[in-house]
Amino acid sequence: MNQKHKISIIVPAYNVEKYIEQCLRSLMNQTYKNIEIIVVNDGSKDSTGEIIEKLAKEEKRIILINQENQGVAAARNRALQESKSDFIMFVDSDDWIELNTCEKILNEAINEDADIVMFGYVREYAEKSLPKAVYSNDKIIFEGKEIKEKLHRRIFGPINDELKNPETLNSLTPIWGKLYKREIIKDIKFVSLQELGLCEDGYFNISVFENASKVVFIKKFYYHYRKVVSGGSLTQKKENNMFEKEKKFCGKLFELIERSGLNEEYKTAVDNRLA
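Below you will find a few notes about this structure. Each chain has its residues counted from 1, running along the sequence as written. Predicted model: local features are reported for residues with pLDDT of at least 70 only, side-chain atom pairs are reported and counted for 80 or more only, and whole-chain, interface and lining totals are derived from all residues. Values reported for side chains reflect all heavy atoms of the structure, with hydrogen atoms and water molecules removed beforehand.

1. Regarding helix H10 (residues 264-274)
Exposure is judged per residue with a 1.4 Å probe applied to protein chains only, and the accessible area is read against the type maximum: over 50% gives exposed, under 20% gives buried, and values in between give partly exposed. Under the scheme used here, helices are H or I runs from DSSP no shorter than 4 residues and strands are E runs no shorter than 2 residues, and both carry numbers assigned from the N terminus. All buried positions along H10 are accounted for by Tyr-266, Ala-269, Val-270 and Arg-273. Viewed end-on, H10 has its buried residues packed into an arc of 95°, placing them on one side of the element. Buried positions along H10 lie against helix H5 (145-156) and helix H9 (242-260). In protein, a polar contact means a hydrogen-donor-capable atom and an acceptor-capable atom, both N or O and within 3.5 Å, with residues adjacent in sequence counting only if both atoms are side-chain atoms; elsewhere, any N or O pair within 3.5 Å suffices. Among the residues of H10, the N-terminal cap falls to Asn-263, whose side-chain oxygen and the backbone nitrogen of Glu-265 are separated by 3.0 Å. Directions from the helix axis toward the C-beta atoms define the arc. Contacts between residues were defined by any pair of non-hydrogen atoms, one from each residue, lying within 4.5 Å.

2. Some details on the pairing of strand S2 (residues 35-42)
Where burial is concerned, most of S2 is hidden: 8 out of the 8 residues are buried. Along S2, one buried face is formed by Ile-35, Ile-37, Val-39 and Asn-41 and the opposite face, lined by Glu-36, Ile-38, Val-40 and Asp-42, is buried too. Bridging between strand S1 (residues 7-13) and S2 involves 7 bridges; their strand directions are parallel. Its bridge partner being in S2, Ser-8 is matched across the sheet by Glu-36. For a crossover, the right-handed case is the one in which the path from the first strand over the helix to the second runs clockwise, viewed with the strands pointing away from the viewer. Traced from S1 through helix H1 (residues 20-28) to S2, the parallel crossover comes out right-handed. Any two strands are treated as partners once DSSP identifies two or more bridges connecting them. Across 6 bridges, the pairing between S2 and strand S3 (residues 62-67) is parallel. Looking across to S3, one finds that Asp-42 is bridged to Gln-67. In this fold, S2 hands off to helix H2 (residues 48-58), which returns the chain to S3; that crossover is right-handed.

The values are spatial; any link to function lies outside them.
Shown next, in the form of C-alpha cells:
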C-alpha cells in the first residue's frame, strides 16, 4: 500500500503502568508505517512516564509530551496541536488495536474519499472477549443528509425504534474506533468534563459529524476496549452523582440545539436520553 498519507495516533495517558506498553506496542508494530504516535503523559504518579520514555528510545515515531495533570480533554487538545498528519486516530492508553488496523482503515478512507471511517471493537473482560459493532451490516456509507439524520442526531439521544435498544445509547459517541480526516477536525476542541458533566467524546463528535460529508462504517473488529482495569469492572463501578452529570450534559445539548437552530427531533432525542 502507498505510504504517503500520515496518521497521527493520539494517546492520553494517566497512571496506566499496567497497560501502556501493550497499547503502544500495538501501535509501534502496525503494518502501515507512516504514523506518528503522540503520547501525552498527563501528570501520572506511577511509572507510566518512565515506560513511555523507554519505548520512545527504541521507537523514533513516539512523541512524548509531559504535562501537569489537566484531564483527558486538555491532553487530547495538546496532542492535536502537535500533530502533523493527514489523518487522526485516538487510542485510549489501556486499550490496544489489531496490527493491521491503520493499513485497513486508511485504505477504506482513501478508496471511498471518506471524512471518517468507523469500525467495530471487542469488549475485553477479565475472562472473555465480546465483539461489538454499531451496525450489523458489513459496510455502510453515509452521505449528505444521512449523516445528520442517522449519526449526528443519534448522539443527542434515541427516538422511535431506537428506543427499543437503550444499551446502544452511546454506541456512536467514542472517539476511538474511528479514523478522522484531519481537515474536518482541525478547528474542533475537546471540552472538559468539568464543563460538560460527561460524554466529552460525544460532544466532540457532534461537531465532527456536523462537518462531515461522507462517513464509512465497516464491521471489522480492530479495536480492543478494556472493560476491566485495576481488578474491577468498569461496567460495575459506581459513578458518583451520575444523574446530576447527565442533567448537566443534556443541558449543554439543549443549549446547542437552540444555538444551532436544530429541529424538534433533537429535543425529543435529548428528552429520551435523560429519561
